[in-house]
Amino acid sequence: MSSPQEVLPFQAEVSQVLRLVVHSLYSQREVFLRELVSNASDALDKLRFRAITEPALLHGDERLSIRISADETANTLTLTDSGIGMSREELVKNLGTVAHSGSKALLEELKKRGDGSAPSLIGQFGVGFYSAYLVSTKVVVTSREAGGTEAFTWTSDGESSFTIEPSDYAPRGTQIVLHLSEAGKEFLAGWRIREVVRRASNYIGYPIELETEKRGEEGAPLEKVWERINEAKALWQRPKSEITSEEYEGFYREVATGGGKPLAWTHFKVEGTTEFAGLLYLPEERPFDFSFDGKQRGLKLFVKRVLIFDDCAELGAPWARFVRGVVDSDDLPLNVSRELLQDSSLARTIKKQTTKKILELLEETASLKPREYEKFFLAFGSFLKEGSANDFEHRERLAKLLRFRSTFTVAPVDAPVDAPVDAPLDATSGDAAPVPSDWVSLVEYVTRMREGQSDIYYLAGDKASAVSSSPHLESLKKRGFEVLLLTDPVDAFVFESLRQFEGKDLVSALHADLELETSDDEKKAHEEAETSVKPLLDRASEFLKGKVEAVLVSQRLTDSPACLVLGEGGLPAHLERMLREAGQPVPPQKRILEINPSHVLVKALLALDAKEPGSDRVREFIEVLHDQAALQHGATLEDPNLFAKRVTNLLTMAAESALAG
Ligand code: ADP
Ligand code: MG
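Residues numbered from 1 in each chain as written. Chains lettered and ligands numbered in written order. Predicted model: local features only at pLDDT ≥ 70, side-chain atom pairs only at ≥ 80, totals over all residues. Heavy atoms only, no water.

A.B. asks: Where do I start with the overall build of the chain in this structure?
C.D. replies: The secondary structure content of the chain amounts to 20 helices and 22 strands. Every one of the 661 residues in the chain was classed for burial, and the buried ones make up 50%. Considering only residue pairs separated by 6 or more positions, the chain has 72% of its internal contacts joining residues 24 or more positions apart. As displayed, the chain offers around 31,800 Å² of accessible surface, 52% of which is attributable to carbon and sulfur atoms. (Helix = DSSP H or I, 4+ residues; strand = E, 2+ residues; numbered from the N terminus. Buried < 20%, exposed > 50% of the residue type's maximum accessible area, 1.4 Å probe, protein only. Contact = heavy atoms within 4.5 Å. Areas by Shrake-Rupley, 256 points an atom, 1.4 Å probe, with all protein chains shown as cover.)

Given below as structure tokens:
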């Protein structure tokens, strides 16, 4: 009834794939195990599926598992599964021809790129069954189709042909015997098998059992037992209600590799046209393996519990690359490639859903654990900032997740030591909400905006405490308006690109056109001041020609004599410095000098210039006034030595007159 042994040639592509596998992928030998285990798992899936309508297929062996045993004497590694098995035709067709699209695609890709890129391609294509030849000189596959009456053995050294012959193999399913090559011998060791299974196949839905020797009673022979070496079930496939926090935290250590604890996680199943499960974590702090460049690890992609990619940036929004976790799809093919992922609509749906879940998780954490969230923000806020600048679809939600320092939460450098740090600077109106933290969100800012305030104010600089004592804030502070202090260089870019939040303009306190609503009295006073200091404005314009764009009367100053502000499209000083340091050509920035007409120094200068119009002394005073405003502004002085010399002169004069007085 059975046919005798037959020798058949491999299809041409098979020989090519085999050669490729053996010669190019030696450094990643261990993938053979992942591939063979996946095939076994597929075979078990198929059996389980068919058994729904044909329960008789399971008769005689209800056990669905994958077994691995090593024989050191024979130098073989054997993998057995009780799955669907293969008929003679199937053995010939499946193992003798390139049926599976991955191998063909791999070949095409290699033709394009050349052999050298093979190692990086393996993870993307999966070379399937043929990867057995990475560790074997001969592979013997024996299989009995579920419900079949005959078994067959397929044998090949992976050169140019294979043989097929009948076998008396009794169990259902497939047995693969690998005759290990010199290089494959390391897989005789149990620890090596465990290690690879744990890394790549830990969450296969069936038990993977390794034959181990157990020491029995004293003097009794060693006992052989089957020991399960993979997790009972993928954590993310289990119902949430049955998983403890410890288990979630334990799993985080596996996906984050750098260790540490998760701050929060979301575990979900998406059902409908695309089905996938996800378990995503927000790290509490930066893991060791964390880098800020674009190449860092993303999510792990599993397809049907089999690990496909370790770091799959394609599965989440780019700004979300600090998120750790897994996505497990039932719909993607096991041999999915990066290229395929990038332009598959399925991957896009997954990405959309994961991004949505990540946003929800962030929002929930920010509202339920505000203090922990702030700590998290300190470590990962720059990613959220990047998102609110680049991710047009989610920028509104991301902007709400940002946190800033503000004049309500940071003490200025010159504040009295015992001044309460967190009290609003203007407490007179009495309606100021208590500020529990030194961080503020845009939402919070808006809810505590003062009557008559229509914009959101900010000032960018290097250090919150220094920025908060900037003269530019004087009139805003006087009105009790909160000003966000942007000390991260990225903040300014984010604000430039956001422009608005909840319909309110984001306005820099540095800009000359900062329009504050003023009372009629204030307007009148301003006009009068303008007329009275006009001669000084003209004089200063004359002496500072080439250094500033204009000299104007200030509406923002109360305590300082002068300040520099940005003209239209002007670059803030700290950005100018940053760009210069980065070697970018930045044209010299001309700023506007604003003068406080009610300051004694300004009044005195005005009088002095009336007495000795345009004298050297007047020039010197005006230049020092400009230079110190420039310093406060954060700009660098053209000639610091000259400035120092002038200040020394002034001090000398002051000291002499103090002596004389
Ligand atoms: P792929 O798994 O991507 O189809 P492989 O090269 O890994 O490609 O396997 C080729 C084919 O051989 C599989 O599609 C399957 O039909 C068959 N096969 C491999 N291993 C087994 C097994 N253990 N049991 C049943 N069929 C198998
Ligand atoms: Mg396969």
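A.B. asks: How should I be thinking about helix 15 (residues 489-498) in this particular structure?
C.D. replies: Think of an α-helix as turning once every 3.6 residues; residues three or four places apart then point the same way. Those residues of helix 15 not exposed but buried are Asp491, Ala492, Val494, Phe495 and Leu498. On an axial view of helix 15, the arc spanned by its buried residues comes to 160°, and they lie on one face. Downstream of helix 15 by a residue or two, Arg499 has a phi angle that is positive, lying close to 65°. (Arc of directions from axis to C-beta.)

A.B. asks: Teacher, can you tell me more about the sheet that holds strand 14 (residues 324-329) here?
C.D. replies: To summarise the sheet geometry, strands pair through backbone hydrogen bonds and adopt either a parallel or an antiparallel arrangement. Pairing in this open sheet of 5 strands is mixed, and the strands run 10-11-14-12-13 from one edge to the other. The two strands at the open ends of the sheet, each matched to only one other strand, are strand 10 (262-270) and strand 13 (306-312). Here the average twist between neighbouring strands, direction ignored, is 15°. Pairing of strand 10 with strand 11 (residues 276-283), which is carried by 8 bridges, proceeds in the antiparallel orientation. Its bridge partner being in strand 11, Pro262 is matched across the sheet by Pro283. Docked against the sheet, helix 7 (residues 245-256) engages strand 10, strand 11, strand 12 (299-303) and strand 14, running at close to 85° with respect to strand 11. (Pairing = 2+ DSSP bridges. Axes fitted to C-alpha atoms, helices over the stretch in contact; angles between N-to-C directions.)

A.B. asks: What am I meant to see in the environment of Glu6 here?
C.D. replies: Looking at the element boundaries, Glu6 is found in strand 1 (residues 6-9). Among the residues examined, Glu6 registers a relative accessible area of 34% and is labelled partly exposed. Sequence-wise, Glu6 and Trp154 are 148 residues apart; in three dimensions their C-alpha atoms are separated by 9.7 Å. In this structure Glu6 touches Arg88, Phe162, Thr163 and Ile164, once residues within four positions along its chain are discounted.

A.B. asks: I'm lost on the pattern of salt bridges in this one. Help?
C.D. replies: Note on pairing: side chains with opposite charge can pair once their charged atoms come close. In this structure the tally under the stated criterion is 29 salt bridges. Glu186 is the salt-bridge partner of Arg192, the closest N and O atoms lying 2.6 Å from each other. Judged by its relative accessible area of 12%, Arg192 falls in the buried class. In this structure, the salt-bridge partner of Asp491 is Lys385, at a minimum N-O distance of 2.9 Å. Within this pair, whereas Asp491 is found in helix 15, its partner Lys385 is found in helix 10 (residues 370-390), the two being separated by 106 residues in sequence. For the pair Asp491 and Lys385, a shared accessibility class is recorded, and that class is buried. Residues participating in the shared-partner salt-bridge network are Glu30, Glu186, Arg192 and Glu195. (Salt bridge = Lys/Arg side-chain N within 4 Å of Asp/Glu carboxyl O.)

A.B. asks: Would you mind going over the side chain of Thr409 with me for this structure?
C.D. replies: Tracing the chain through its elements places Thr409 in the loop between strand 15 (405-406) and helix 12 (442-447). Of the polar contacts made by the side chain of Thr409, one reaches the backbone oxygen of Asp438; its length is 3.1 Å. (Polar contact = N/O pair within 3.5 Å; in protein donor to acceptor, adjacent residues only side chain to side chain.)

A.B. asks: What exactly am I supposed to notice about the packing of aromatic side chains here?
C.D. replies: Inspection of every chain in the model, using the stated rule, returns 23 aromatic pairs. Aromatic side chains Phe322 and Phe383 sit 5.5 Å apart centroid to centroid with 45° between the ring planes, which places their arrangement in the tilted category. With Phe322 in the loop between strand 13 and strand 14 and Phe383 in helix 10, this residue pair connects regions lying 61 residues apart in the sequence. The burial state of Phe322 is the same as that of Phe383; both residues are buried. Each ring, one from Phe404 and one from Phe495, has its centre 5.3 Å from the other, and the planes form 85°; the classification is edge-to-face. Of this pair, Phe404 sits in the loop between helix 11 (395-401) and strand 15 while Phe495 sits in helix 15, and the two are 91 residues apart along the sequence. (Phe/Tyr/Trp six-rings, centres within 6.5 Å; stacked < 30°, edge-to-face > 60°.)

A.B. asks: In this structure, what is going on with the sheet that holds strand 20 (residues 548-553)? I would like to understand it.
C.D. replies: Taken together, 3 strands build an open sheet; the order of strands is 20-22-21 and the sheet is mixed. Since the sheet does not close on itself, it has two edges, and those belong to strand 20 and strand 21 (562-565), each with one partner. Sheet twist, expressed as the average angle between the axes of neighbouring strands with direction ignored, equals 25°. Sheet strands touched by helix 16 (residues 520-543): strand 20 and strand 22 (591-595). Its angle to strand 20, the strand with the most contacts, is close to 150°. Running over the sheet, helix 19 (residues 616-633) touches strand 20, strand 21 and strand 22 and is turned about 55° from strand 21.

A.B. asks: For this particular structure, what's the right way to read the nonpolar core?
C.D. replies: Among soluble globular proteins, nonpolar side chains are generally buried collectively. With 128 residues, the main nonpolar core has Trp154, Leu178 and Leu384 as its most contacted residues. By residue number, the principal contributor to this core is helix 2 (residues 31-53), which donates 10 residues. Those residues within four positions of Leu384 in sequence are excluded, and the remaining contacts are Trp319, Phe322, Leu362, Tyr373, Phe376, Phe377, Leu398, Leu401 and Leu402. Core analysis: the second largest hydrophobic core is formed by 26 residues, Leu537, Ala540, Leu544 and Ala635 among them. (Core = buried A, V, L, I, M, F, W, Y, C linked by side-chain atoms within 4.5 Å.)

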